[in-house]
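What the coordinates show
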Amino acid sequence: MPVSLSDDTEMLSPPPQCPPVLLNEKFVVHSYDGGSQQNRTQYDVKNVLIPTLEPFHCSDRGSKFTLVLKCSEDFTLTHFYISGPGPRCTEPIRSGLVWVCDSLPENLDSLAMHCADDESMLEERQITGTGAELLTPCAQFFTDIETRDVEIELSKWREGRFVIVRLLDTHYAEEQVNVDVGMICLAGYAGRYARHQVPLGPWMWRRVHQAWVHSRPLQRTFSAGGWVCDGRDFTGGCRSNFLDFHQTSIYTSRYHCSSTGFDLCDACANEPNLGKVTEASVKADIEALQSTSSCKLVTSRLRNQWRRHWLHTLPIYFRQGLLTALTASLQGCLDSIASRRSEEETGTRSRSTLIRSVSKAPDPQLAAAMRSMFQLITDLVQGILLGARPGCDVQVNDLVWVLSNHGADGAADQWERCRVVRLPPSFPSTGSPAGTSRGAVFGQVGELQEDEDEATGGDIASAFVVSSRDWRGQRCVQACNVWKATKA
């Protein structure tokens, strides 16, 4: 019989616009009849809920085991992912069945008969639940023999409190000595949202490409070691507010580049404006500048941002009140220091209190915040206002990434590798005298082809001239669409 929804459940809103999340942390092993290899705790079945290949589960001898997982609250399952351990395990899981239910069936042992491989038999593999209820498997899986994993997006989202996984057989060995499982990932939403089902695409296998912050696609992974979101180094900071290492758990999803070690959290990976200077990101930077705990990080990303294209971004920061916030933050630090010195010089305190206060080291966080703000002011004055040194870290002959089709027919951003031919007149080169004229630094714009000159899309005074092997001649590109190429 269908599960009736309570009044509270009926009032639940649709799932948020963000993708499904990992639910493993809400689950515990309710029952399992497979044991562990030689009864070792290091191979316990609870390891499958840890979303990494180490540690893993090795069952006792045999196959066709039944694993029952219980959730601490109602859930909606949208994706099921299972993987065998690494290559040193000889019996990786090959196939199985998955059920989702609100209460456990009376004849759980009847699952032993569901071991056929014919996928057309899936609808016939039903077990009797409480009363006359029939539970139909929501998924049948077959892992790949090479990658040893499989992901299934459920054709129909399932709600419940229990997940039953039937581990049928393994790869490679005909005798089926035991069953090895690396991890099981249950993705979805906390709460009942099956009636709001929408197509989602892959979850565990999802890849994102945030071209404004990294040149390579990123793959979803989980890590047992400490990591930090590299979105913190770009305008607006990390959207999950991860400021340092060890603020995440093993259940925190990340998008990772194995070649460069670049990481993004879920929120940053799904942020459409990540890396782009917007009013919201500038406001977030200015607010974070007034906190001593995040001041050093903010000033570092501001300096990096301005070195790339300060002509485009600095006016936006000034309009949002950067100088006022910087002044207030510095004044707050100075007031804290003055207050402390005043307390130390007060004669009403006991001698022991005075000794403890004097011997106490200065607040390192406060000192680091002040140093970073002074460095930021130095860069503003010397590098931009006075022109005493280059206002940009891009120089002639540098390799850069150039946005080639920004805003063209709604197409995705495409970046091309180019070489800088000329700098904008506002960017003095390292070897150029401070008084170099615009014509000497930039050359004549008339040298560019007519159609290429139209590609500037903005003020010619803030545009680079670049060249590439992929097209003839040279192009004029706005500074905000030029990023210096690095090893990453």
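Residues numbered from 1 in each chain as written. Predicted model: local features only at pLDDT ≥ 70, side-chain atom pairs only at ≥ 80, totals over all residues. Heavy atoms only, no water.

What about the overall build of the chain?
The cut-off we apply is this: In this description a helix means any DSSP run of H or I spanning at least four residues, a strand means any run of E spanning at least two, and both kinds are numbered starting from the N terminus. When accessible area is computed with a 1.4 Å probe and restricted to protein chains, residues below 20% of their type maximum are described as buried, those above 50% as exposed, and intermediate ones as partly exposed. We call two residues contacting when some pair of their heavy atoms lies within 4.5 Å. Working definition of accessibility: Shrake-Rupley area with a 1.4 Å probe, residue cover restricted to the visible protein chains.
Looking only at helices and strands, the chain features 9 helices and 20 strands. Taking all 488 residues of the chain together, 46% fall into the buried category. When contacts within the chain are restricted to residue pairs at least 6 apart in sequence, those whose partners lie at least 24 apart make up 71%. Accessible area for the chain stands at about 24,500 Å²; split by element, carbon and sulfur atoms hold 50% of it.

Digging into the pattern of salt bridges
Condition: One side-chain nitrogen of Lys or Arg within 4 Å of one carboxyl oxygen of Asp or Glu is enough to make a salt bridge.
Inspection of the entire model under this criterion finds 11 salt bridges. Across the pair Asp102 and Arg192 runs a salt bridge whose closest N-O atoms are separated by 2.3 Å. Within this pair, whereas Asp102 is found in the loop between β5 (93-101) and β6 (127-128), its partner Arg192 is found in the loop between β11 (183-190) and β12 (207-208), the two being separated by 90 residues in sequence. The exposure class assigned to Arg192 is buried, which follows from its relative accessible area of 7%. Through salt bridges with shared partners, a single ionic network connects Asp74, Asp102, Glu159, Arg161 and Arg192.

Notes on the packing of aromatic side chains
Our working definition: A pair of Phe, Tyr and Trp rings is counted when the ring centres sit within 6.5 Å of each other, with Trp represented by its six-membered ring. The angle between the planes then sorts it: under 30 degrees is stacked, over 60 is edge-to-face, the rest tilted. Either the NZ atom of lysine or the CZ atom of arginine qualifies as a charge over a ring when it sits within 6 Å of the ring centre and within 35 degrees of the ring normal.
Tallying each qualifying case throughout the model produces 8 aromatic pairs. Plain terms: the ring middles of Trp157 and Tyr189 are 5.9 Å apart, the flat faces sit at 45° to each other, and that makes the pair tilted. A residue pair is termed long-range when its members are at least 10 positions apart, and Trp157 in strand β9 (residues 149-170) and Tyr189 in strand β11 qualify at 32 residues. The class of Trp157 is buried, set by a relative accessible area of 2%. With relative accessibility at 6%, the residue Tyr189 sits in the buried group. Ring centres of Tyr189 and Tyr193 lie 6.0 Å apart, and the angle between their planes is 75°; this geometry places the pair in the edge-to-face category. Three or more aromatic residues joined by ring pairs make a cluster, and in this case those are Trp157, Tyr189 and Tyr193. For Arg220, the ring lying beneath its charged end belongs to Trp203, and the centroid distance is 4.3 Å.

Quick notes on the nonpolar core
To keep it simple, the criterion reads: As used here, the term nonpolar core means buried Ala, Val, Leu, Ile, Met, Phe, Trp, Tyr and Cys residues forming a set that is joined through side-chain atoms within 4.5 Å.
One finds Phe27, Ile82, Phe141, Val163, Leu167 and Ile184 to be the most contacted residues of the largest nonpolar core, which totals 30 residues. Breaking this core down by element, the ones donating at least two residues are β2 (27-32), β4 (65-83), β5, β8 (139-142), β9 and β11. Top contributing element to this core by residue count: β4, with 8 residues. In contact with Val163, other than residues within four places in its own chain, are Phe27, Leu67, Val68, Leu69, Phe75, Val98, Trp99, Val100 and Leu186. Counting residues in hydrophobic clusters, the runner-up holds 23 residues, among them Val282, Leu302, Leu314 and Cys333.

Some words on the sheet that holds strand β15 (residues 263-265)
Strand pairs in the sheet, formed through backbone hydrogen bonds, run parallel or antiparallel to each other. Heads up, the condition is: Any two strands between which DSSP finds at least two bridges are classified as paired.
Pairing is antiparallel in the open sheet, where 4 strands are placed in the order β12-β13-β14-β15. Strand pairing shows two members of the sheet lacking a second neighbour, β12 and β15, which therefore form its edges. When strand β14 (residues 254-256) meets β15, the two strands line up antiparallel, connected through 3 bridges. Bridging across to β15, His256 finds its partner in Asp263.

Observations concerning the sheet that holds strand β19 (residues 474-478)
Applicable threshold: For helices, the fitted axis covers only the stretch in contact; all axes are lines through C-alpha atoms, and the angles between them, taken along N-to-C directions, range from 0 to 180 degrees.
Strand order in the open sheet formed by 5 strands is β19-β18-β17-β16-β20, and the pairing between neighbours is antiparallel. Of all strands in the sheet, those with a lone pairing partner are β19 and β20 (482-484), marking the two edges. Mean inter-strand twist for the sheet, computed between neighbouring axes without regard to direction, equals 50°. Bridge analysis of strand β17 (residues 415-422) against strand β18 (residues 463-467) gives 3 bridges, and the strand direction is antiparallel. Within β18, the residue paired with Arg419 across the bridge is Ser467.

Topic: unusual backbone geometry
Geometrically, the link from Glu54 to Pro55 is a cis peptide bond, its omega value of 0° lying close to zero. Topologically, Pro55 is positioned in the loop between β2 and β3 (57-58). The phi dihedral of Arg148 is positive, around 65°, even though this residue is not glycine. Relative to the elements of secondary structure, Arg148 occurs in the loop between β8 and β9. For Arg148, a relative accessible area of 10% puts it in the buried group.

Looking at the environment of Pro105
Looking at the secondary structure, you find Pro105 in the loop between β5 and β6. Spatially, the C-alpha atoms of Pro105 and Leu135 are 8.2 Å apart, while their sequence positions differ by 30 residues.

Concerning the pairing of β9
Within β9, 17 of the 22 residues are buried, leaving the element largely enclosed by the surrounding structure. Where β5 and β9 come together, 8 bridges link them in antiparallel fashion. If you follow Ile93 over to β9, its bridge partner there is Thr170.

What to know about the side chain of Thr66
Selection criterion: As used in this structure description, the phrase polar contact means that two N or O atoms lie within 3.5 Å; if the pair is within protein, one of them must be able to donate a hydrogen and the other to accept it, and residues adjacent in sequence are counted only when both atoms belong to side chains.
Checked against the element boundaries, Thr66 lands in strand β4. A distance of 2.6 Å separates a polar atom in the side chain of Thr66 from a polar atom in the side chain of Arg166.

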